[in-house]
Amino acid sequence: MSAFAVNVLPQVSAPTASGASHNLRGAASATAFLPQELGYNSRTLAVAGLSAAAASMLHADRKRKSCRSQKAPVKSRGGESIETVPIKPAILATTEINYYKLDRIDAPNIIESVRSGLKAMKQIIEATGSAEEKLRASLCDEQVMSALIPMSRLPVFSKEFGLAFKHDLDLLHALKQIKYFWNLPQSQVAILMTQLAKQLEGPTFSEHFEALTEELCQSVSHLAPIKEVSKTLPGEVHAKYMENAIYLESADSHALYPTSIYRQCDALTLATPDAATIESVMSTTITTTIKIARNVLDPNNHLLFDVYKPLGRCVAVVDDKVDGHFGADIDKYFASNGIEFTKLVFSGNEVDKGIEDVERILVAMKEHRVGRHEPLLVVGGGVIADIAGFATSLYSRNTPYVMLCTSIVSGIDAGPSPRVCCNGFDYKNLYGSYHPPVLTITDRGFWKTLHPGWLRHGVAEIIKMAVMKDLSLFELMEKHGPRAVQTKFGTEGDSVNDAEFQDVCDLIVGKAMEGYVRSEYGNLWETHQCRPHAYGHTWCPGYELPAGMLHGQAVGTDMGFGAYLSYVEGWVSEEEMHRILKNISDCELSLYHPIMDDDAMVWKTHLGIVEKRGGNLCAPIPKPLGFSGYLNDMTKELLAQRMHEYKEIVSKYPRGGRGVEELCVDVGLEDPQSKKMKSRAAAELGNAKVVAGKLELLEKLKHEGLLDEEQFKAQQGQLA
């Protein structure tokens, strides 16, 4: 059994990347010598488990060195180095495998080198020549190389890097991507250098970069990656880039051969010397960007252009209703920008949120040969966000996607969410995974075409974040929520020309989004259940589908009940409880539905959610208003009692606590329960036809003497 390949190397000094020579820097030597007194001078020793030779050596050496610990950094297959860590005298040390070796973050030096590279590049692109010639000349410049090569060696996905550039998030975004310059198309490098120029030197300075990018993107060669462009550069220049590429192969393969530029992995792996026991802690780091924007489909808006122009095409999954309203605008955007566009239209209704719908998207992605480096564009509301996001998580095990949100649910909840899913076996979101988009864009302009009931039920997702995370957002919703619902968040009527209200609407959406990711992104894989954004999602999953309710309407009932439970616990005052209930009611959401009178159903849901949450109820409820608390103890009898007490309170609210257009059928959508019953009836009819056909065949076989009476009855009994 081969466990490791351990290279025992002589000590060497690592070249550096500083200065004009661009020699490799930061390559820590893998140094270790076998004990010379034992006569072992071999440079490489293959270890199969613990080889006989090594075992003999260690046994002979153990007596003399039983009281002295040792360290020996060595080379490992799949890891940069192995360093033995002394555990205790006379016992073989544990092996530590380090997978990557990245440079230290020095923010001032990074900024200075990038600025120097930009200034040198500006002088080059101001001269005459084609865009391709200018970019090649820039790549040959020593200062440009001194900016690009060190960037490829930095831990750009680390918290330290993010904090170092937190003052300018657009700058941070560009720096994270320029790390991968070697694999990026030259048009994408031009786009990133333009962004860096704008953020570091200002709009006037970046004008020449913008002109270069525009010309380059119109050339036939703009898709050529820098690694191919490098082959056309002078030999000594290409050699310097190749020197860096060779270094990156062991120091950070992400920068050399990335599957996509949006994910990185790392691990700490420890092994006993005989590899009989291995312990590892593994991590995946994902980068994502969220933008609250306007006029995204204006051909001059570069949010989508910057992603898809360098890829040469865009494959998109589009909600069928969105295609009806905005399909022509989407087509025009990509056509105007010269981007090949493939549009795959799917239903975005709750009734079409099954595993078979996910499979249809998977098949379509395969038919169009979507690569793992190119983000699928997903355009639609919450259902499309869920099923298309789920499909990308399954496709080739992981494929990135961009989410263009067209509804309020996707715009501040399902869109940026890492939780992608579909329904199954009458259970809400039974199947799923954790796979956030690499870019989420929310544009309120899409909301003007929403049915009022579709928009209204999405408001529940804003209220939940306000109640649990942001008192100032709650106060905004108290003051502006009803008008936001009535005007479809400033997209209808006089509100369109009310600049102050437009800013308020953007502020509400932005605050809701910020509260959501503050709650969600630190617990990406639900490794614990203190999840404020699950407020309103504890008991309603069990009755939302059977009642035929819109998701947000069902969430409203759950939020109201949670507010009452918080009041009973003494976590919010009676006044605060009624403020929450009034906000829900004023936005025309449900506080109650008769299905909540079914104590057995509610308790069954309660047990299911405890199972789903790892054995804890951990129901998020306010503690106090604007802050999160968690209720974990609830008996069957007490749950029924509290539910009946709650009903008595909300029955005094407008509409008896009911919502406006609270059912799917009220807003023109098919009842999920009705579709389920139709599917079940069709399946039963099909089964009956199959059974009838088999009985007919048995009769024929009996008539022809191929089955006797006893055999016939036995077979008939099996079909009964």
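Per chain, residue numbering runs from 1 following the sequence as it is written. Thresholds applied to this predicted model are a pLDDT of at least 70 for local features of residues and 80 or more for the giving and counting of side-chain atom pairs; totals over whole chains, interfaces and linings are not thresholded and use all residues. Excluded from the side-chain calculations are hydrogens and water; all other atoms, namely the structure's heavy atoms, are used.

## What about the overall build of the protein chain?
On a plain count of helices and strands, the protein chain comes out with 25 helices and 17 strands. Exposure classes here rest on a 1.4 Å probe applied to the protein chains alone. A residue is buried below 20% of its type maximum, exposed above 50%, and partly exposed in between. Among the 720 residues that make up the protein chain, the fraction classed as buried is 51%. Throughout, a residue-residue contact means that at least one pair of heavy atoms, one from each residue, lies within 4.5 Å. A separation of at least 24 residues holds for 72% of the contacts in the protein chain among residues at least 6 apart in sequence. To measure how exposed things are, a 1.4 Å probe is used in the Shrake-Rupley method; for residues, cover is taken only from the protein chains shown. Carbon and sulfur atoms make up 54% of the accessible area of the protein chain, which amounts to about 32,300 Å² in all. In DSSP terms, a helix is any run of H or I states spanning at least four residues, a strand is any run of E spanning at least two, and both are numbered starting from the N terminus.

## So, the packing of helix α21 (residues 574-586) against helix α23 (residues 636-650)
In this analysis an axis means a line fitted to C-alpha atoms, helices contributing only their contacting stretch, and an angle means the value between N-to-C directions, from 0 to 180 degrees. Packing of α21 against α23 brings their axes to within 12 Å, and their N-to-C directions diverge by 70°. Comparing the axis directions of α21 and α23 gives the class roughly perpendicular. Along this stretch, α21 crosses α23, giving a crossing that reads as right-handed. Across the interface between the two elements, Met577, His578 and Leu581 of α21 pack against Tyr646, Ile649 and Val650 of α23. In this count, Pro and Cys sit with the nonpolar residues alongside Ala, Val, Leu, Ile, Met, Phe, Trp and Tyr, while Asp, Glu, Lys and Arg are called charged and the others, Gly among them, polar. For the contact of α21 with α23, the residue count by class is five nonpolar, one polar and no charged. Orientation labels follow simple angle bins: below 35 degrees gives roughly parallel, above 145 gives roughly antiparallel, 65 to 115 gives roughly perpendicular, and whatever is left gives oblique. Each crossing is labelled by how the near helix is turned from the far one, with a counterclockwise turn of less than a right angle marking it left-handed and a clockwise turn marking it right-handed.

## Quick word on the sheet that holds strand β12 (residues 401-405)
Following DSSP output, two strands are said to pair if at least two bridges run between them. The six strands are arranged β8-β15-β12-β11-β9-β10 in an open sheet whose pairing can be described as parallel. Single-partner strands in this sheet number two, and they are β8 (289-292) and β10 (340-346). The sheet shows a mean angle of 15° between the axes of neighbouring strands, taken without regard to direction.

## Quick word on α23
Between the first and last residue of a helix there are one fewer steps than residues, each counted as 1.5 Å, and that sum is the expected span. In a regular helix each residue adds 1.5 Å, so 15 residues correspond to 21 Å; α23 covers 21 Å between its end C-alpha atoms and thus fits that length. Among all positions in α23, only Leu639, Ala640, Arg642, Met643, Tyr646 and Val650 are buried. When α23 is viewed along its axis, its buried side chains cluster within an angular range of 165° and face the same direction. Where the residues of α23 are buried, they touch α20 (551-569), α21 and α22 (599-612). This arc corresponds to the set of directions leading from the helix axis out to the C-beta atoms.

## Regarding the packing of aromatic side chains
Note on aromatic pairs: each is described by the distance of the centres and the angle between the planes. Ring pairs are drawn from Phe, Tyr and Trp, using the six-membered ring of Trp, whenever the two centres fall within 6.5 Å, and their geometry is named by plane angle: stacked under 30 degrees, edge-to-face over 60, tilted for the rest. A full pass over the atoms with the stated rule returns 16 aromatic pairs. Note on Tyr333 and Phe334: the rings are 5.2 Å apart at their centroids and 80° apart in plane angle, and the pair reads as edge-to-face. Judged by its relative accessible area of 0%, Tyr333 is buried. For the ring pair Phe334 and Phe341, a centre distance of 4.4 Å and an interplane angle of 5° mean the geometry is stacked. Note on Phe334: relative accessible area 0%, which makes it buried. Charge over a ring is defined by NZ of Lys or CZ of Arg lying within 6 Å of the ring centre and within 35 degrees of the ring normal. Seen from the ring of Phe501, Arg483 lies directly overhead, with NZ or CZ sitting 4.1 Å from the centre. Taking the ring centre of Phe712 as reference, the NZ or CZ of Lys702 above it sits at 4.7 Å.

## Side note on helix α8 (residues 203-217)
Each turn of an α-helix holds 3.6 residues, which means side chains three or four residues apart point in the same direction. The end-to-end C-alpha distance of α8 is 20 Å, a good match for the 21 Å that 15 residues give at a rise of 1.5 Å each. Fitting axes to the seven residues ending at a residue and to the seven starting there, one defines the bend at that residue as the angle between these axes. Of all the bends found along α8, the most pronounced is centred on Phe209 and spans about 25°. By the burial criterion, the buried members of α8 are Phe205, Ser206, Phe209, Leu212, Thr213, Leu216 and Cys217. Buried residues in α8 make contact with α2 (107-125), α3 (131-140), α7 (186-201) and α11 (305-308).

## Regarding the nonpolar core
For our purposes a nonpolar core is just a set of buried Ala, Val, Leu, Ile, Met, Phe, Trp, Tyr and Cys residues, chained together by side-chain atoms within 4.5 Å. Formed by 169 residues in total, the largest nonpolar core has its most connected members in Tyr241, Leu304, Leu377 and Phe489. Those residues in contact with Leu304 that sit more than four places away from it in its chain are Val296, Tyr333, Phe334, Leu377, Val402, Leu404 and Ile441.

## Quick word on the environment of Glu544
Position of Glu544 relative to the elements: it lies in helix α19 (residues 544-547). Spatially, the C-alpha atom of Glu544 lies 9.9 Å from that of Tyr427, the residues being 117 residues apart in sequence. Those residues in contact with Glu544, other than ones at most four positions away along the chain, are Lys428, Met549, His551 and Ala554. Here a polar contact is taken to be a pair of N or O atoms separated by no more than 3.5 Å, where protein atoms must pair a possible hydrogen donor with a possible acceptor and residues adjacent in sequence count only if both atoms sit in side chains. Looking at Glu544, its side chain comes within polar contact range of the side chain of Lys428, at 3.1 Å.

## Quick word on the pairing of strand β5 (residues 94-98)
The element β5 is extensively covered by neighbouring structure, given that four of its five residues are classed as buried. Relative to strand β6 (residues 263-271), β5 runs antiparallel, the two sharing four bridges. In the sheet register, Ile97 faces β6, and the bridge partner there is Thr269.

## As for unusual backbone geometry
That bond from Lys623 to Pro624 is cis: its omega, -15°, falls within 30 degrees of zero. Note on placement: Pro624 falls in the loop between β16 (619-622) and β17 (628-631). Located in the positive-phi region is Arg397, a residue other than glycine, with phi close to 70°. Even without a glycine there, the phi angle at Cys618 is positive, about 45°. Its location among the elements puts Cys618 in the loop between α22 and β16.

## Let's talk about the pattern of salt bridges
Think of a salt bridge as a Lys or Arg side-chain nitrogen and an Asp or Glu carboxyl oxygen that are within 4 Å of each other. Taken as a whole, this structure holds 36 salt bridges when the rule is applied. Between Asp413 and Lys464 there is a salt bridge, and its shortest N-O distance comes to 2.8 Å. Placement of the pair is Asp413 in helix α15 (residues 408-414) and Lys464 in helix α16 (residues 452-469), with a sequence separation of 51 residues. A relative accessible area of 10% means that Asp413 is categorised as buried. Overall, Lys464 belongs to the buried group, its relative accessible area being 1%. Residues Glu514 and Arg518 are paired through a salt bridge, measuring 3.0 Å at the closest nitrogen-oxygen approach. In this pair, Glu514 and Arg518 both sit in helix α18 (residues 499-520), four residues apart, roughly one turn of the helix. In the salt-bridge network here, residues are joined through shared partners; they are Arg294, Arg444, Asp503 and Asp506.

## A closer look at a nonpolar patch on the surface
A cluster of nonpolar residues, Leu268, Leu270 and Val281, forms a patch on the protein surface that exposes about 240 Å² of accessible area. Along the polypeptide, Leu268 turns up in strand β6. Without a salt bridge and with relative accessible area above 30%, a residue can belong to a patch; like charges are then joined within 9 Å and nonpolar side chains (Val, Leu, Ile, Met, Phe, Trp, Tyr) within 5 Å.

## Notes on the environment of Leu256
Mapping Leu256 onto the fold places it in the loop between α10 (235-251) and β6. In this structure Leu256 comes out as buried when scored by relative accessible area, which is 4%. The sequence separation of Leu256 and Trp182 amounts to 74 residues, and the corresponding C-alpha distance is 6.8 Å. Beyond its immediate chain neighbours, meaning those up to four positions away, Leu256 contacts Trp182, Asn183, Ala245, Leu248 and Glu249.

## Regarding the side chain of Gln264
Its location among the elements puts Gln264 in strand β6. Side-chain polar atoms of Gln264 contact the side chain of Tyr180, separated by 2.9 Å. Setting aside residues no more than four positions away along its own chain, Gln264 makes contact with Val156, Phe157, Lys179, Tyr180, His254, Ser283, Thr284 and Thr285.

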